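# What the coordinates show
Read off the chains here:
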Amino acid sequence: MSRAMWGLMAGMALGFAAYFGDFWAFLLVLGLGVVGLVVGRLMEGDLEPGDFVRRRDRQERIRDDRRRARGDWRQ
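Presented here is a report on the structure given in the accompanying data block. This is a predicted model, so every value here is computed, not measured.

Direction vectors running N to C along helix 1 (residues 3–20) and helix 2 (residues 23–44) enclose 155°, while the axes themselves pass 7 Å from each other. In terms of axis orientation, helix 1 runs roughly antiparallel to helix 2. Note on packing geometry: the crossing formed by helix 1 with helix 2 is right-handed. Judged by residue contacts, Arg3, Ala13, Leu14, Ala17 and Ala18 of helix 1 engage Ala25, Phe26, Val29, Leu30 and Arg41 from helix 2.

This next bit is on the packing of aromatic side chains. Scanning the model with the defined rule gives 4 aromatic pairs in all. A centroid spacing of 4.9 Å and a plane angle of 85° characterise the contact between tyrosine 19 and phenylalanine 20, whose relative ring orientation is edge-to-face. Residue classification places tyrosine 19 among the exposed residues on the basis of a relative accessible area of 65%. The class for phenylalanine 20 is exposed, based on a relative accessible area of 62%. Members of the aromatic cluster, connected to one another through ring pairs, are Phe16, Tyr19 and Phe20.

Turning next to helix 2. Its 22 residues place the ends of helix 2 31 Å apart at the C-alpha level, agreeing with the 32 Å of an ideal helix rising 1.5 Å per residue. Glycine 45 sits one or two positions beyond helix 2 and adopts a positive phi of about 95°.

Thresholds, definitions, all that
Residues numbered from 1 in each chain as written. Predicted model: local features only at pLDDT ≥ 70, side-chain atom pairs only at ≥ 80, totals over all residues. Heavy atoms only, no water. Axes fitted to C-alpha atoms, helices over the stretch in contact; angles between N-to-C directions. Helix = DSSP H or I, 4+ residues; strand = E, 2+ residues; numbered from the N terminus. Parallel < 35°, antiparallel > 145°, perpendicular 65-115°, else oblique. Left-handed = near helix turned anticlockwise from the far one by under 90°. Contact = heavy atoms within 4.5 Å. Phe/Tyr/Trp six-rings, centres within 6.5 Å; stacked < 30°, edge-to-face > 60°. Buried < 20%, exposed > 50% of the residue type's maximum accessible area, 1.4 Å probe, protein only. Expected span 1.5 Å × (residues − 1).

This is the structure in structure tokens:
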């Protein structure tokens, strides 16, 4: 299926949830859709779990420690 068809189905699901349910049903369907999107992207290989965390290099941690010691958090 094309992405446009998936978008159409997601929009229809959100529309039905908003019309027949209430705001919380709309949010539930929206949240489940986002979770499904992320899981699908992970399974296809478009995303990797490491994309959700930001690693800091050693120099950046040292700079942060020095700023904390000085009490200066300006960049």
